[in-house]
Amino acid sequence: MAHIRIPRPWEISEREATPESAFMTRRRFLAGSLLATVATAGLVSGCSPPPANDAPPLSDIEKKIYPAPRNNAYSLDRDLTDEAVAAGYNNFYEFSDAKEDVRTLARRLIQRPWAVEISGLVGKPRTFDIDDLLKTLPMEERLYRLRCVEAWSMAVPWTGFPLRALLEKVEPGSRATHVRMTTFYRPFQAFGQLAFWEPWPYTEGLTLPEAMNELTFMAVGVYGHPLPAQHGAPIRLVVPWKYGYKSIKSVVKIELIDHAPSTFWNTVDPLEYDFTANVDPKVPHPRWPQSREKMIGTEQVRLTLPYNGYGREVAHLYGG
Ligand code: MTE
């Protein structure tokens, strides 16, 4: 069941007037009709990739990475979420608004070649091929809590590198204040992007100090192997002290800019999804109280921690 709901242009002001299921059905119907029209026009033929396995064999580059050494500075106060549970309960609206369907539909994502452009207010703009990136940066494993604004949480072992290590390679300019990240735009692989009333491609943003914080991580792997598509292959952001929607998946562009960028969810509904989005048990979301959270898999209910338990590392960024 999808929980993050996108108000449609025709939606009446009383938020609960339309049951969510009817809403989503209408969305799928519209996207499906659109796809059917395009397919009839012959534009889709030949564009459908064959289904990929969840875990294809490791490339030679990947064999050198996994298992990556664990950085024990990042430990957990809870057990890791079972891998199969985490891999079957995903928000990735490019593919579906039903979490349980994402795993199957995301197999359509073609992951190679994959380039990540880093540009904007930097001294040395560069476009990295993902495999060159994998060879260039030292990889490590970190265990992080993941807290969704929908009041569920997981605990996940990510493999990757701090975003700061990548940004230092392009030399951020003195005028840069923010980082904007963008996901691919491929409506013929990701049918959710056929919903033309939504602000695709998915974008997210951080302040530069947030981006340079030691916790801010670019993940290329999870549970000791490369990211499966549904977790945001081949490279995604992980910002563990913020609600999960900030952790943008399948990144193709990172820009350094001099203003706060507009972002996907904040554009869809600024009252529900604010730009900063720090986990805060004291600030209820209009639809989900945030004082507690439920661990996916065990259904254990826990008290939500300010900054998702990472206050020591990040409170200073907000004057606390
Ligand atoms: N990134 C993109 N491109 N599209 C999305 O729909 N969903 C976000 C985030 N990143 C999303 C995204 C949300 S709401 C959450 S909670 C996390 O991804 C979920 O990450 P996971 O599926 O790896 O647990």
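Parameters and conventions
Residues numbered from 1 in each chain as written. Predicted model: local features only at pLDDT ≥ 70, side-chain atom pairs only at ≥ 80, totals over all residues. Heavy atoms only, no water. Helix = DSSP H or I, 4+ residues; strand = E, 2+ residues; numbered from the N terminus. Buried < 20%, exposed > 50% of the residue type's maximum accessible area, 1.4 Å probe, protein only. Contact = heavy atoms within 4.5 Å. Areas by Shrake-Rupley, 256 points an atom, 1.4 Å probe, with all protein chains shown as cover. Salt bridge = Lys/Arg side-chain N within 4 Å of Asp/Glu carboxyl O. Near = heavy atom within 4 Å. Polar contact = N/O pair within 3.5 Å; in protein donor to acceptor, adjacent residues only side chain to side chain. Nonpolar A, V, L, I, M, F, W, Y, C, P; charged D, E, K, R; others polar. Phe/Tyr/Trp six-rings, centres within 6.5 Å; stacked < 30°, edge-to-face > 60°. Lys NZ or Arg CZ within 6 Å of the ring centre and 35° of its normal. pLDDT = per-residue confidence, 0-100. Pairing = 2+ DSSP bridges. Axes fitted to C-alpha atoms, helices over the stretch in contact; angles between N-to-C directions. Arc of directions from axis to C-beta.

Participant: Can you lay out the overall build of the protein chain for me, pointing to particular residues and giving the numbers?
Facilitator: Counting its secondary structure elements, the protein chain contains nine helices and 12 strands. Looking at the protein chain as a whole, 53% of its 320 residues qualify as buried. Sequence-distant contacts, at least 24 apart, represent 72% of the contacts inside the protein chain between residues at least 6 apart. About 14,100 Å² of surface is accessible on the protein chain, with carbon and sulfur atoms providing 57% of the total.

Participant: Describe the pattern of salt bridges, and please don't skip the residues or the numbers.
Facilitator: All told, the structure shown has 20 salt bridges when counted by the stated rule. Taking the shortest distance from any N to any O, the salt bridge between Lys 124 and Glu 171 comes out at 3.3 Å. Of this pair, Lys 124 sits in the loop between strand 1 (115-120) and strand 2 (126-129) while Glu 171 sits in the loop between helix 6 (163-170) and strand 5 (178-183), and the two are 47 residues apart along the sequence. Among the salt bridges present, the one from Lys 242 reaches Glu 210, with a minimum N-O distance of 2.8 Å. You can see Lys 242 sitting in the loop between strand 9 (236-238) and strand 10 (251-257) and its partner Glu 210 sitting in helix 7 (residues 208-212), a full 32 residues away along the chain. Both residues of the pair, Lys 242 and Glu 210, count as buried. One network of salt bridges, in which partners are shared, links Asp 77, Arg 78, Arg 145, Arg 147, Glu 293 and Arg 302.

Participant: Explain the site of the ligand residue by residue, including any values.
Facilitator: Among the 19 residues in the neighbourhood of the ligand, the closest are listed as Tyr 93, Glu 94, His 231, Arg 236 and Lys 249. The side chain of Thr 183 places a nitrogen or oxygen atom 3.0 Å from a nitrogen atom of the ligand. At 2.6 Å, a side-chain N or O of Lys 249 approaches an oxygen atom of the ligand. Relative to its unbound accessible area of 540 Å², the ligand is 100% covered by the protein chains. Within the shell around the ligand, the residues separate by chemical class into nine nonpolar, seven polar and three charged.

Participant: Describe the packing of aromatic side chains, listing the residues and the values that go with them.
Facilitator: Under the counting rule described, the total for this entry stands at 16 aromatic pairs. Between Tyr 307 and Tyr 318, the aromatic rings sit 5.6 Å apart at their centres with planes inclined by 15 degrees, giving stacked as the arrangement. Linking Tyr 307 in the loop between strand 12 (301-303) and helix 9 (311-314) with Tyr 318 in the segment after helix 9, this pair joins segments that are 11 residues apart in sequence. Using a relative accessible area of 18% as the deciding quantity, one classes Tyr 307 as buried. What makes Tyr 318 partly exposed here is its relative accessible area of 28%. Grouped by ring-pair contacts, the aromatic residues Tyr 93, Trp 200, Tyr 202, Tyr 245, Phe 264, Trp 265 and Tyr 273 constitute a single cluster. The ring of Tyr 310 has Arg 145 sitting right over it, with the charged end atom 4.5 Å from the ring centre.

Participant: Go over unusual backbone geometry with me, naming the residues and quoting the values.
Facilitator: With an omega of -5 degrees, the peptide bond between Arg 112 and Pro 113 qualifies as cis. Residue placement: Pro 113 occurs in the loop between helix 4 (99-105) and strand 1. The phi dihedral of Ser 250 falls on the positive side, at around 45 degrees, and the residue is not glycine. When you line up the elements, Ser 250 lands in the loop between strand 9 and strand 10. Take Ser 250: its relative accessible area is 0%, and that puts it in the buried class.

Participant: For the confidence of the model for the protein chain, give the residues involved together with the corresponding values.
Facilitator: Averaged over every residue, the pLDDT of the protein chain is 88; the share at 70 or more is 83%. Throughout residues 7-26 the model reports pLDDT below 50, and contacts reaching past four residues in sequence, or to other chains, amount to 31 contacts. For residues 36-53, every residue scores under 50 in pLDDT, and the model assigns this stretch 12 contacts once sequence neighbours within four places are set aside.

Participant: So, the sheet that holds strand 6 (residues 203-207): which residues are in play, and what are the values?
Facilitator: Read across the sheet, five strands follow the order 2-1-10-5-6 without closing on themselves; strand pairing throughout is mixed. Among the strands making up the open sheet, the edge pair consists of strand 2 and strand 6. Across this sheet, the average inter-strand angle for adjacent strands is 15 degrees, counted without regard to direction. The sheet strands contacting helix 6 are strand 1, strand 2, strand 5 and strand 10, and the helix crosses strand 10 at an angle near 65 degrees.

Participant: Pulling in residues and values, what's your account of helix 6?
Facilitator: Burial in helix 6 covers these residues: Leu 163, Leu 166, Leu 167 and Val 170. Buried residues along helix 6 cover an arc of 95 degrees about the axis, so they all sit on one side.

Participant: Account for the side chain of Thr 304, naming residues and giving values.
Facilitator: Topologically, Thr 304 is positioned in the loop between strand 12 and helix 9. The exposure class of Thr 304 is buried, given its relative accessible area of 6%.

Participant: Explain the environment of Ala 87 to me, and be specific about the residues and the numbers.
Facilitator: Within the secondary structure, Ala 87 is located in the loop between helix 3 (83-86) and helix 4. In sequence terms Ala 87 and Gln 230 are 143 residues apart; their C-alpha atoms lie 7.0 Å from each other. Setting aside residues up to four positions removed in sequence, Ala 87 forms contacts with Arg 103, Gln 230 and His 231.

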